[in-house]
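An overview of the molecular structure
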Amino acid sequence: MLTGKKDDISELQKCYLRYASDIADLSKAERLRVGSVFVKSGNIIAFGYNGTPSGFPNSCELEKKTKPEVIHAEENCLLKCLETSSPFGADVYSTHSPCPHCAALMVQVGINKVYYLFHYFTTEGLVILTNGEVQHQKVDI
């Protein structure tokens, strides 16, 4: 795991995190809006936010829980990488730490590091990243 000091990341990395925050604003979710940016070799290769699949009504919540068809921001990025570039070795800049499912996907595809602004509802995803030897860091910008 990396440290979480503000000065530990570059101005460009802070820009990626601000961009992830801006992308999160596109989500129609009511409980939690998440944005994520995948960066490889200094280039953004994908960005995404949580939402429903194309063609579905853009509503993310049921009465007390998230609809099962909602795609997480990190999943959207991984799916976009199918069109653009391999995510292997990429760094992830996200508004929130990953859920366990997205963390497992990141380990599987070879994500290098994960930077995030806020903790998700559970820290299980961070345990999975640690066990999968994916560095992660909560940062304040």
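Anything mentioned here points back to the structure above.
This report concerns the structure included in the present document.

Rules of the game
- Residues numbered from 1 in each chain as written.
- Predicted model: local features only at pLDDT ≥ 70, side-chain atom pairs only at ≥ 80, totals over all residues.
- Heavy atoms only, no water.
- Pairing = 2+ DSSP bridges.
- Helix = DSSP H or I, 4+ residues; strand = E, 2+ residues; numbered from the N terminus.
- Axes fitted to C-alpha atoms, helices over the stretch in contact; angles between N-to-C directions.
- Buried < 20%, exposed > 50% of the residue type's maximum accessible area, 1.4 Å probe, protein only.
- Polar contact = N/O pair within 3.5 Å; in protein donor to acceptor, adjacent residues only side chain to side chain.
- Arc of directions from axis to C-beta.
- Contact = heavy atoms within 4.5 Å.

Take the sheet that holds strand 4 (residues 113–118) next. Read from one edge of the open sheet, 5 strands run 2-1-3-4-5, paired in mixed fashion. Edge positions in the sheet fall to strand 2 (43–49) and strand 5 (135–138), since each has one partner strand and no second. For this sheet the average axis-to-axis angle between neighbouring strands, irrespective of direction, equals 15°. As defined by bridge partners, strand 1 (residues 35–40) adjoins strand 3 (residues 91–96) across 4 bridges and the pair is classed as antiparallel.

Turning to the environment of Thr 84, a few remarks are in order. Positionally, Thr 84 belongs in the loop between helix 2 (73–81) and strand 3. The class for Thr 84 is exposed, based on a relative accessible area of 52%. For the pair Thr 84 and Leu 62, spaced 22 residues apart in sequence, the C-alpha to C-alpha distance is 33 Å. Within the local environment of Thr 84, its side chain forms a polar contact with the backbone oxygen of Ile 45, the two atoms lying 3.2 Å apart.

Three or more residues of helix 4 (residues 124–131) are buried, namely Gly 125, Leu 126 and Leu 129. For helix 4, the angular spread of buried residues about the axis comes to 100°, placing them on one side. Of the surrounding elements, those touching the buried residues of helix 4 are helix 3 (100–109), strand 4 and strand 5. Directly beyond the C-terminal end of helix 4, a positive phi value near 60° is found at Glu 133.

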